[in-house]
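# Notes for the structure review
As a plain string of letters, each chain reads:
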Amino acid sequence: MCLTAEMLAIFLNLLNPQMVTTSAGIITVSAATQETVWVQQGDRWCTPASKQ
């Protein structure tokens, strides 16, 4: 799944900031059951995380 930077920012603002870590071109969201990694690809942010 890929999102624009704006849509990813809206999603991340809904989360507890302690769940989110960032580094150059990578955002990791740590939830109770798994981690989801978002990787910058051009002007979009993508994750291979599957829908559950």
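Whatever comes next refers back to the structure up there.
Residues numbered from 1 in each chain as written. Predicted model: local features only at pLDDT ≥ 70, side-chain atom pairs only at ≥ 80, totals over all residues. Heavy atoms only, no water.

### So, the side chain of Thr47
For clarity, the cut-off: A helix here means a DSSP run of H or I that spans at least four residues, while a strand means a run of E at least two residues long, and both kinds are numbered starting from the N terminus. Side-chain atoms alone can form a polar contact between residues adjacent in sequence; in general such a contact is a pair of N or O atoms within 3.5 Å, and within protein one must be able to donate a hydrogen while the other accepts it. Here, residues are in contact when the closest pair of their heavy atoms is within 4.5 Å.
In this fold, Thr47 is placed in the segment after strand S5 (44-46). Separated by 2.9 Å, the side chain of Thr47 and the backbone oxygen of Val37 make a polar contact. Those residues in contact with Thr47, other than ones at most four positions away along the chain, are Met1, Thr36, Val37 and Trp38.

### Structural notes on the pairing of strand S3 (residues 26-30)
Basically, it comes down to this: Any two strands with at least two DSSP bridges between them are considered paired.
For strand S2 (residues 20-23) and S3, the ladder comprises 4 bridges, and the chain directions are antiparallel. Looking at the pairing, Thr21 lines up with Thr28 of S3. Across 5 bridges, the pairing between S3 and strand S4 (residues 35-41) is antiparallel. Across the sheet, residue Ile27 finds its bridge partner in S4, namely Trp38. Hairpin remark: S3 followed by S4, antiparallel, with 4 residues in the connecting loop.

### What to know about the packing of aromatic side chains
Note the threshold: In this analysis, rings of Phe, Tyr and Trp, with Trp reduced to its six-membered ring, are considered paired at centre separations within 6.5 Å, and the interplanar angle assigns stacked below 30 degrees, edge-to-face beyond 60, and tilted for intermediate values. Between buried and exposed lies partly exposed: a residue is buried under 20% and exposed over 50% of the maximum accessible area for its type, with that area taken using a 1.4 Å probe on protein chains only.
Here the structure, examined in full by the defined rule, presents 1 aromatic pair. Relative to Trp38, the ring of Phe11 has its centre 6.4 Å away and its plane inclined at 55 degrees; by these criteria the two rings are tilted. Here the residue Phe11 occupies a position in helix H1 (residues 5-13), and Trp38 occupies one in strand S4, the gap between them amounting to 27 residues. Phe11 gets classed as partly exposed once you look at its relative accessible area, which sits at 33%.

### Re the state of the cysteines
By definition, a disulfide is the covalent link that joins the sulfur atoms of two cysteine residues. To be explicit about the condition: A pair of sulfur atoms, both from cysteines and within 2.5 Å, is called a disulfide here.
Under the definition given, this model contains 1 disulfide. With a sulfur-sulfur separation of 1.9 Å, Cys2 is cross-linked through a disulfide to Cys46. One quick way to see it: the torsion about the S-S bond of Cys2 and Cys46 is about 110 degrees, and its sign makes the bridge right-handed. Residue Cys2 is found in strand S1 (residues 2-4), and its partner Cys46 is found in strand S5; the two are separated by 44 residues along the sequence.

Geometric descriptors of this kind do not, in isolation, establish any biological role.
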